[in-house]
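This is what each chain is made of:
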Amino acid sequence: MKSLSKIVTLLCVTSLLWCSNAWALTLQQAKSSGWVGEQTNGYLGIVIDTQEVQALVLSVNAKRKAHYQAIAQRNHIKIETVAKLAAQKAIEVAETGHLTQTPQGLWITK
């Protein structure tokens, strides 16, 4: 089980990076500006609500969900498990100044 967890974590991180690269400048700008942040559920969350931010978050989260689903199916685990592992890693590697969500739902600056 421990090696499965490592594999899932590695795949999640790779997936997160791939999703981020598709929107690299826009996503980076949104994170740096504090418009979005990493949630504890594995998905990008809206902090400052605009149509542009909503569109970005919907796109990134759809790609993340597709990757999580593929990982979950390959490893015969629930998508929620994959998403939670991805969230832990994304929050852990979030850059200084970016927002992350606490388990209580509060946004904090890393």
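Counting from 1, residues in each chain are numbered in the order their sequence is written. The predicted origin of the model limits local features to residues at a pLDDT of at least 70 and limits the giving and counting of side-chain atom pairs to 80 or more, whereas totals for whole chains, interfaces and linings rest on all residues. No hydrogens and no water enter the side-chain calculation; it runs on all heavy atoms of the structure.

Trainee: Quick one: what's the story with the pattern of salt bridges, residue by residue and with numbers?
Mentor: Salt bridges are defined by distance alone: a side-chain nitrogen of Lys or Arg within 4 Å of a carboxyl oxygen of Asp or Glu. This model, assessed by the stated rule, comprises three salt bridges. One salt bridge in this structure joins Lys31 and Glu38, with 3.0 Å as the shortest N-O distance. Assigned by exposure class, Lys31 and Glu38 land together as buried. A salt bridge links Glu38 to Arg64, with the shortest nitrogen-to-oxygen separation between them at 2.8 Å. Residue Glu38 is located in strand β1 (residues 36–38), and its partner Arg64 is located in helix α3 (residues 51–75); the two are separated by 26 residues in the primary sequence. Note on accessibility: Glu38 and Arg64 belong to one class, buried. Burial status follows relative accessibility: with a 1.4 Å probe on protein chains alone, a residue under 20% of its type maximum counts as buried, one over 50% as exposed, and anything between as partly exposed. Counting from the N terminus, the helices are the DSSP runs of H or I reaching at least four residues and the strands are the DSSP runs of E reaching at least two.

Trainee: Now, about the sheet that holds strand β3 (residues 99–101): what can you tell me, with residues and values included?
Mentor: Adjacent strands of a sheet pair through backbone hydrogen bonds, lying either parallel or antiparallel. In this analysis, strands are considered paired if DSSP registers two or more bridges between them. Strand order in the open sheet formed by four strands is β2-β1-β3-β4, with mixed pairing between adjacent strands. The open sheet is flanked by β2 (44–46) and β4 (107–109), the only strands paired with a single partner. On average, each strand axis in the sheet is inclined to that of its neighbour by 45°, with strand direction left out of account. Where β1 meets β3, two bridges bridge the pair, whose relative direction is parallel. Looking at β3, one finds that Gly37 is bridged to Leu99. Between two residues, a contact is recorded if the distance between any of their heavy atoms is within 4.5 Å. To obtain an axis, a line is fitted to C-alpha atoms, over the contacting stretch when the element is a helix, and the angle between two such axes runs from 0 to 180 degrees between their N-to-C directions. Along the sheet, α3 makes contact with β1 and β2, crossing β2 at roughly 160°.

Trainee: Explain the packing of aromatic side chains to me, and be specific about the residues and the numbers.
Mentor: Stacked, tilted and edge-to-face pairs are distinguished by plane angle, under 30 degrees for stacked and over 60 for edge-to-face with tilted covering the rest, among Phe, Tyr and Trp rings (Trp via its six-membered ring) whose centres lie within 6.5 Å. With the rule as written, the count across this model stands at one aromatic pair. Summarising the aromatic geometry, the rings of Tyr43 and Tyr68 are spaced 5.3 Å apart at their centres and angled 65° between planes, so their arrangement reads as edge-to-face. Placement of Tyr43 in the loop between β1 and β2 and of Tyr68 in helix α3 is noted, with a sequence separation of 25 residues between them. One exposure class covers both Tyr43 and Tyr68, and it is buried.

Trainee: Before we move on, could you go through the environment of Gln101 and cite the residues and values that matter?
Mentor: Looking at the secondary structure, you find Gln101 in strand β3. With relative accessibility at 16%, the residue Gln101 sits in the buried group. Distance from Gln101 to Glu38, taken between C-alpha atoms, is 6.2 Å for residues 63 residues apart in sequence. Discounting chain neighbours no more than four positions away, the residues touching Gln101 are Glu38, Gln39, Thr40, Ile91, Leu106 and Trp107.

Trainee: Outline unusual backbone geometry, listing residues and values.
Mentor: Glycine aside, residues mostly have negative phi angles, and peptide bonds mostly take the trans form. With phi around 55°, His76 is a residue other than glycine that occupies positive phi space. Take His76: it is sitting in the loop between α3 and α4 (79–93).

Trainee: Could you give an account of the confidence of the model for the chain, naming the residues involved and the relevant values?
Mentor: Every residue is assigned a pLDDT by the predictor, reflecting its confidence on a scale from 0 to 100. Looking at the chain as a whole, its pLDDT mean stands at 87, while 77% of the residues score no less than 70. A low-confidence stretch, residues 20–24 (pLDDT under 50), is modelled with seven contacts involving residues beyond four sequence positions or located in other chains.

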